[in-house]
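These are the residues of each chain, in order.
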Amino acid sequence: MNNGNLLWQSDNCELCLFKFGKLYTNTGVFINQSTKEAFLIDAPYGASQGLADLISRKFSIKALFITHSHWDHIGDDYLFQQLGAKVYIHRTGREIIENPEIIKPYTKCGFGLHPCHVERGLEDGDHMEIAGIDIQMSWVPGHSASGMSFYIAKAGVVFVGDTLFRDAIGRYDFVDGDKKQLIASIKEKILTLPGDTIVVPGHGDLTTVKYESENNPFF
């Protein structure tokens, strides 16, 4: 797809990475050319416009997986729901997605958030097959109570939201953050994946499990 970085390709399937919104939020897009199906991981402001080419080619966007309920990852969620995507987030984030007014005092960004129906609240250990590929899900609280990672084993890629960054960890000073919980989430749910797994953080550069295990100063 145009303007996206290709993370993985096999047969007629592609996993691409885009950056959208004021904070250049990383957005994953998986497409299956054979079935004309797709799914997204995170939907920041600008994602719908940025993916207009995909939408115009009439791909069926089957699902939107949200890594956590902070404003910079959910701005366009309702637009993709209008296109038919089923929206998934950890169960603790469901209330915010469906009633975003409750976080208005904390956004401090002036952007409007729109209510969006959550198809089902996710649980630790869930997995789904969407658009012909399996996605494994782990609850990774600490940056946000609703933090989830999405591991696509076949592609060797894990999307971790703002839980882990290259040489750093996510913030834990939010109302639903907790440093001890964050460190435990990373050690138990992310760094236990195969070393060559590509880690896609919510913002910034890609990294790998091996690199963070050996170089991240927090471990």
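The structure reproduced in this document is the subject of the present report.

Rules used throughout
Every residue gets a number counted from 1 within its own chain, in the order that chain's sequence is written. In keeping with the predicted nature of the model, local features appear solely for residues at pLDDT of at least 70, side-chain atom pairs appear and are counted solely at 80 or more, and the whole-chain, interface and lining totals rest on all residues. The side-chain figures draw on all heavy atoms in the structure; neither hydrogens nor water molecules are used. DSSP bridges decide pairing: two strands pair if at least two such bridges lie between them. Helix and strand assignments follow DSSP, with helices taken as H or I runs no shorter than four residues and strands as E runs no shorter than two, numbered in order from the N terminus. Burial classes: relative accessible area under 20% of the type maximum marks a residue as buried, over 50% as exposed, and values in between as partly exposed (1.4 Å probe, protein chains only). For Phe, Tyr and Trp, where Trp contributes only its six-membered ring, two rings pair if their centres lie within 6.5 Å, and the inter-plane angle classes them as stacked under 30 degrees, edge-to-face over 60, or tilted in between. Our definition puts a charge over a ring when NZ of Lys or CZ of Arg is within 6 Å of the ring centre and also within 35 degrees of the ring normal. Expected span of a helix: the number of residues minus one, times 1.5 Å. The arc in question is the one traced by the directions running from the helix axis out to the C-beta atoms. By definition in these notes, contact holds between two residues if any of their heavy atoms fall within 4.5 Å. Two N or O atoms form a polar contact when they lie within 3.5 Å of each other; inside protein one atom must be a possible hydrogen donor and the other a possible acceptor, and for residues adjacent in sequence the pair counts only when both atoms belong to side chains.

## Side note on the sheet that holds strand 11 (residues 157-161)
Strand order across the open sheet formed by 6 strands is 8-9-10-11-14-15, with mixed pairing between neighbours. Edge positions in the sheet fall to strand 8 (127-130) and strand 15 (207-208), since each of these pairs with one other strand and no more. Relative to strand 10 (residues 148-152), strand 9 (residues 133-139) is paired through 4 bridges, and the arrangement is antiparallel. Opposite tryptophan 139, over in strand 10, you have methionine 148 as the bridge partner.

## What to know about the pairing of strand 3 (residues 25-32)
Among the 8 residues in strand 3, 8 count as buried, and that is most of the element. Of the two faces of strand 3, the one carrying Thr25, Thr27, Val29 and Ile31 and the one carrying Asn26, Gly28, Phe30 and Asn32 are both buried. Sheet topology note: the strand 2 (residues 13-20)/strand 3 ladder contains 8 bridges and is antiparallel. Along strand 3, the bridge assignment pairs cysteine 13 with asparagine 32. As consecutive antiparallel partners, strand 2 and strand 3 are separated by 4 residues, and within that stretch glycine 21 has a phi angle of approximately 85 degrees, a positive value. Bridging between strand 3 and strand 4 (residues 37-41) involves 5 bridges; their strand directions are antiparallel. Counted as the bridge partner of valine 29 is leucine 40 from strand 4.

## Topic: the packing of aromatic side chains
On inspection of all chains with the given rule, the structure shows 7 aromatic pairs. Between phenylalanine 39 and phenylalanine 65 the ring centres are 5.7 Å apart and the planes differ by 85 degrees, which places this aromatic pair in the edge-to-face class. With phenylalanine 39 in strand 4 and phenylalanine 65 in strand 5 (residues 60-65), this pair connects stretches of sequence that are 26 residues apart. When its relative accessible area of 1% is taken as the criterion, phenylalanine 39 is described as buried. Aromatic ring contacts, followed pair by pair, group Trp8, Phe30, Phe39, Phe65, Tyr88 and Phe150 into a single cluster. Its end group placed over the ring of tyrosine 211, arginine 166 keeps NZ or CZ at 4.0 Å from the ring centre.

## Observations regarding helix 6 (residues 179-190)
Given a rise of 1.5 Å per residue, 12 residues ought to cover 16 Å, and the 16 Å separating the end C-alpha atoms of helix 6 matches this to within 8%. Residues Leu182, Ile183, Ser185, Ile186 and Ile190 constitute the buried set of helix 6. Mapping the buried residues of helix 6 onto a view down its axis gives an arc of 155 degrees, with all of them on the same face. Away from its buried face, by an angle of more than 90 degrees, helix 6 presents the exposed residues Lys180 and Glu188. Buried residues along helix 6 sit in contact with strand 11, strand 12 (164-165), strand 13 (168-169) and helix 7 (209-215). Its side-chain oxygen placed 3.2 Å from the backbone nitrogen of lysine 180, aspartate 178 serves as the N-cap of helix 6.

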